[in-house]
Amino acid sequence: MTPASPPRHLLIIAPQCKALSHLSGLEDVAHSLQSTLEDPWVGGCDSPQGLSRRLVGNVKRAVIDEAVRAAALQAGAAGAVLVLVILGHGMILGTEPGLSLMASDSIPDQSMTVVDVNDLLIKAASSPGVPEVIALVDTCHSGAATPNLTALNWGVRQGATRISLLTSVGVNDLAFDLKFSRALTSVLQDGIQGAGQYLSLQTVHNRMKTAHDVDGQLTLYDGISHDSPNWLSRNAQHDHTGGLLLGPIGEEELRSALAPLDKEDSVAKISDPTDLDRLHHELLKIREGSDNSVDAEGALRVIRGLREAYRTKELLDSWPGEKTLTSTRLRHAVRAAAGRAVQELEGSGTHLLRDCVEVLRLRAPRMHQSRTEPLATFVASLAAEDCLPPHAKALKNWADSVCAVTELNDAFEKIKEHEKQSRLRLVVSLDAALADDWPETLRAWLLDHGEPVDHDKFPCKPTQSGVERALRSVLKWAHIRGRKRGESVHRVEIAAPAPLLVRWRPEETPIGEFLGVNHDIVLRWSDRICPPEHLDLINEIARKHLEKMQKDSTHGAPVSWLGLQHTSQTGELVEQLEHGSYKPALALNHRPSSLEKLLEQLLAHRPIVLWSEDEGVLPPETREAVERYWHRLPDEFSNAYRNSWQDSTEQVAAAEYGRNLARLRSVWDDLEWLDFCDWFEMLSIDSEEVA
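Quantities reported herein were computed from a predicted structural model and do not represent experimental measurements.

K.L.:
I'd like a description of the overall build of the protein, backed by residues and values.
P.N.:
Secondary structure assignment for the protein yields 24 helices and 20 strands. What you see for the protein is a C-alpha radius of gyration of 28 Å, in line with the 26 Å of a compact globule of 691 residues. By principal-axis analysis of the C-alpha atoms, the protein measures approximately 80 × 70 × 50 Å. Within the protein, the proportion of its 691 residues that are buried is 54%. Counting only contacts in the protein whose residues sit at least 6 apart along the sequence, the fraction spanning at least 24 positions is 73%. Element-wise, carbon and sulfur atoms account for 49% of the exposed surface of the protein, whose accessible area totals about 30500 Å². Averaging the locations of the 73 positively and 99 negatively charged side chains of the protein gives two centres separated by 3 Å.

Here it is, written out as structure tokens:
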């Protein structure tokens, strides 16, 4: 399987110690390794925002300690792999194993002046949100940098982290002339023939030993075994075009299917559909005349999938819709079809189109699901955007050719049902509340296709119970007016000040049953309706972030996870938000004691904020659920709450799924909400009466 590709942050540390001999070529080696690791087609690394990515030469111990700390915090906020490169003089002080890096101001045998590499690696890997630390260490005694596993297990993540450490020599060995770093740079730049699209640390280490006579030492610690390990480098010798027919996903799946038949070499010979047909005939003969019939049948299934993927690509190449098929549209449709974030897709344009159909046909189908259902959902999503009916000639011909007629009709039916459910929206605002008190009036609007068609006011007692009683009256009002329009109200948007959003769970409002049993509840920030003067541009800022989020969908959920180290330094956090740091959505992996005030500050800078409902740090499963279901949020929160209310003895799977997402609360101010706020503000500007 092609590895998932979270962002990758790079920090290179290469000090010259004034108290020891000058390391010739250190600056040049560090620069060359940096360029290689930052090459988009090789290392694919970026630098932590606002931080130096290379500390070389006259670098003091305190600067190094602070740089690693800041890099780890930013990597955690971005969910990025942290790649640390450490070059220079290394020593072991005393009898305890551990690597000391000699900074420019370090003094031999004075432990308070050296950089404790082991401690930095442990703290970086223990930082919440960092999926992995990859450390490349080229110093004397670099093998002593192996982290203390006991310290990791007792850390804040209790061992749920990953460290990959590649060192130049063992604990008791000396390193000479930065030979390790030069060999590493050479292997990454040259690539490895036949090694696939990505190079693991193990693959690179093996090549360094065989081609450059550099032994080194590889140490892997994996406390997140359910995730696939991250790669060190893209393979410079891999054919990124994937030939005329196969992309990297199709190539990998076919190669894996042909391996038991010892026919992997056939993959390199496929450049057009006739080559695929020829291989198909060969496999038919193998299936009929040998003991490898089961393996041959497996390979034939992959070839059928590749044929159907290619036929889908032909449809998209001559797309009958009036709108242009952009990379953004393709990514959105693929997420809807796969039912999850798809991180295998990194390209753009024609290559992205090919990779989309390959992953949907070969990897997205779930158990007991038709193999062509994800493809049909993908095509239907694009067609619905262009108002193409399922009986359009091009779509009908495609469905016939891949045996997906029923699947395409079902996909259109689901889209139609979703549009019907989302047509009417009920907006209930508690913006009349003063400070953190409950309001004496609720205001309600009924929206049809986003346009307000009715509104009213509902008096209430300024208590939670008073608001909930009035909410029942609002709901009755909305349903009666909805039926008059021939539609039902399924979505209810509750707008309230930040303090009330923190305290209240409106989906649990009793209306004979919980309000959220048969309604999707979305929480909005009411301050966006009429922003205070000092925040008069918050909606424009939020719109820019949302538009960026729509366009940039390469690396899954656009969420920066914030831990206690972020929320305990509110001033620093707000300053970083003002500077543009962090992603469009923010998520707190815990529940701060000052959440009511903090939420208001975060919403002023970002349109979407998630936080933990309970005390303590969220488990990794909750973060994984956000990543997996991001494209279905915020509605999926309502499904999660419903599932969490079920009897777990009868619906174990549903209850477990519900517990993952239901641990979170959210304020979700999307473009629909900003459009409503714009409408409201225009009425105010035009001096029209607003009920």
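Now that the structure has been shown, we can carry on.
K.L.:
Let's hear about the sheet that holds strand β12 (residues 424-429): which residues, and what values?
P.N.:
What the five strands build is an open sheet, ordered β14-β13-β12-β15-β16; its pairing is mixed. Since the sheet does not close on itself, it has two edges, and those belong to β14 (451-459) and β16 (520-525), each with one partner. Averaged over all adjacent pairs, the angle separating strand axes in this sheet is 20 degrees, with direction ignored. Helix-sheet contacts for helix α22 (residues 635-644) involve β15 (491-496) and β16, and the interaxial angle to β16 is about 125 degrees.

K.L.:
Describe in detail unusual backbone geometry, supporting the description with residues and values.
P.N.:
The step from L633 to P634 runs through a cis peptide bond, and the omega angle for that step is 10 degrees. Position of P634 relative to the elements: it lies in the loop between α21 (620-629) and α22. Phi is positive for H141, which is not a glycine, with a value near 60 degrees. A positive phi angle, near 55 degrees, is found at H449, a position not held by glycine. Among the secondary structure elements, H449 is positioned in the loop between β13 (441-448) and β14.

K.L.:
Can you lay out the confidence of the model for the protein for me, pointing to particular residues and giving the numbers?
P.N.:
Looking at the protein, the pLDDT average stands at 86 and 91% of residues meet or exceed 70. Below a pLDDT of 50 lies the segment residues 648-655, which in the model reaches five contacts outside its immediate sequence neighbourhood of four places, other chains included. Every residue in residues 685-691 scores below 50 in pLDDT, and together they form eight contacts with partners more than four places removed in sequence or on other chains.

K.L.:
Please set out the state of the cysteines residue by residue, giving values where relevant.
P.N.:
What we call a disulfide is simply a covalent bond connecting the sulfur atoms of a pair of cysteines. Going through the model one piece at a time under the given rule, you end up with zero disulfides. Free cysteine: C460, not disulfide-bonded; nearest cysteine sulfur from C530 at 18 Å.

K.L.:
Let's hear about the side chain of R491: which residues, and what values?
P.N.:
Within the element layout of this structure, R491 appears in strand β15. Among the polar contacts listed, one links the side chain of R491 to the side chain of E493, at a separation of 3.0 Å. When residues no more than four places from it in sequence are discounted, the contact partners of R491 are L424, R425, L426, D520, V522, R524, P634, D635, D670 and E672.

K.L.:
For the packing of helix α7 (residues 248-258) against helix α9 (residues 293-317), give the residues involved together with the corresponding values.
P.N.:
Contact pair α7 / α9: the axes reach a minimum separation of 8 Å and the direction vectors enclose 165 degrees. Here α7 lies roughly antiparallel to α9, going by the angle between them. Regarding α7 and α9, the two cross each other, and that crossing is left-handed. Listed contacts from α9 to G250, E253, L254, A257 and L258 of α7 are D295, G298, A299, V302, I303 and L306. Residues of the contact of α7 with α9, tallied by class, amount to seven nonpolar, two polar and two charged.

K.L.:
Explain the packing of aromatic side chains to me, and be specific about the residues and the numbers.
P.N.:
Throughout the structure, instances matching the rule amount to nine aromatic pairs. Ring geometry for Y198 against W231: centres 4.9 Å apart, planes inclined by 50 degrees, an arrangement best described as tilted. Placement of Y198 in strand β9 (residues 198-199) and of W231 in the loop between β10 (217-222) and β11 (233-234) is noted, with a sequence separation of 33 residues between them. With relative accessibility at 11%, the residue Y198 sits in the buried group. For the pair F458 and W477, a centre-to-centre distance of 5.8 Å together with 70 degrees between the ring planes defines the contact as edge-to-face. One end of the pair, F458, is in strand β14; the other, W477, is in helix α15 (residues 464-484), and 19 residues separate them in sequence. With relative accessibility at 6%, the residue W477 sits in the buried group. The ring of W231 carries R8 above its face, with NZ or CZ at 3.8 Å from the centroid. Its guanidinium or amino end placed over the ring of Y641, R505 lies 5.2 Å from that ring's centre, counting from NZ or CZ.

K.L.:
Quick rundown of helix α17 (residues 538-551)? Include the residues and the values.
P.N.:
Across its 14 residues, α17 extends 20 Å between first and last C-alpha, which sits within 8% of the 20 Å expected from 1.5 Å per residue. Buried within α17 we find I538, N539, A542, R543, H545, L546 and M549. For α17, the angular spread of buried residues about the axis comes to 165 degrees, placing them on one side. Opposite the packed face of α17, turned more than 90 degrees from it, sit the exposed residues K544, K548 and K551.

K.L.:
Pulling in residues and values, what's your account of helix α5 (residues 179-190)?
P.N.:
With twelve residues, α5 should cover 16 Å at 1.5 Å per step; its first-to-last C-alpha distance of 16 Å lies within 8% of that length. Along α5, the residues classified as buried are F180, S181, A183, L184, T185, S186, V187 and L188. Check the buried side of α5 and you find it contacts α1 (26-38), β3 (81-87), β7 (133-138), β8 (162-167), α6 (201-212) and β11. A positive backbone phi angle near 75 degrees is found at G191, which sits one or two residues after α5.

K.L.:
Report on the nonpolar core, specifying residues and quantitative values.
P.N.:
By size, the foremost hydrophobic cluster in this structure holds 49 residues, and its most contacted members are L426, L430, L442, I494, W525 and L599. Not counting the four nearest positions on each side in its chain, L599 is found in contact with A498, L501, V502, V609, W611 and V667. Grouped together as the second largest cluster of nonpolar side chains are 36 residues, A337, A364, A404 and F412 included.

K.L.:
Describe the sheet that holds β8, naming the residues involved and giving the relevant values.
P.N.:
On the basis of which strands lie adjacent, the open sheet formed by six strands has the order β2-β1-β3-β7-β8-β10 and mixed pairing. Strand pairing shows two members of the sheet lacking a second neighbour, β2 (54-57) and β10, which therefore form its edges. When strand polarity is set aside, the average angle formed by the axes of neighbouring strands in this sheet is 10 degrees. Bridging between strand β1 (residues 8-15) and β2 involves four bridges; their strand directions are parallel. Directly across from I13, in β2, lies its bridge partner L55. In the packing of helix α2 (residues 61-78) onto the sheet, the strands contacted are β1, β2 and β3, and the crossing angle to β1 comes to about 175 degrees. Lying on the sheet, α5 is in contact with β3, β7 and β8; it crosses β7 at an angle near 130 degrees.

Each value, and the rule that gives it
- Residues numbered from 1 in each chain as written.
- Predicted model: local features only at pLDDT ≥ 70, side-chain atom pairs only at ≥ 80, totals over all residues.
- Heavy atoms only, no water.
- Helix = DSSP H or I, 4+ residues; strand = E, 2+ residues; numbered from the N terminus.
- Rg over C-alpha atoms; globule rule 2.2 N^0.38 Å.
- Buried < 20%, exposed > 50% of the residue type's maximum accessible area, 1.4 Å probe, protein only.
- Contact = heavy atoms within 4.5 Å.
- Areas by Shrake-Rupley, 256 points an atom, 1.4 Å probe, with all protein chains shown as cover.
- Lys, Arg positive; Asp, Glu negative; His and termini not counted.
- Charge placed at Lys NZ, Arg CZ, Asp CG, Glu CD.
- Pairing = 2+ DSSP bridges.
- Axes fitted to C-alpha atoms, helices over the stretch in contact; angles between N-to-C directions.
- pLDDT = per-residue confidence, 0-100.
- Disulfide = S-S within 2.5 Å.
- Polar contact = N/O pair within 3.5 Å; in protein donor to acceptor, adjacent residues only side chain to side chain.
- Parallel < 35°, antiparallel > 145°, perpendicular 65-115°, else oblique.
- Left-handed = near helix turned anticlockwise from the far one by under 90°.
- Nonpolar A, V, L, I, M, F, W, Y, C, P; charged D, E, K, R; others polar.
- Phe/Tyr/Trp six-rings, centres within 6.5 Å; stacked < 30°, edge-to-face > 60°.
- Lys NZ or Arg CZ within 6 Å of the ring centre and 35° of its normal.
- Expected span 1.5 Å × (residues − 1).
- Arc of directions from axis to C-beta.
- Core = buried A, V, L, I, M, F, W, Y, C linked by side-chain atoms within 4.5 Å.

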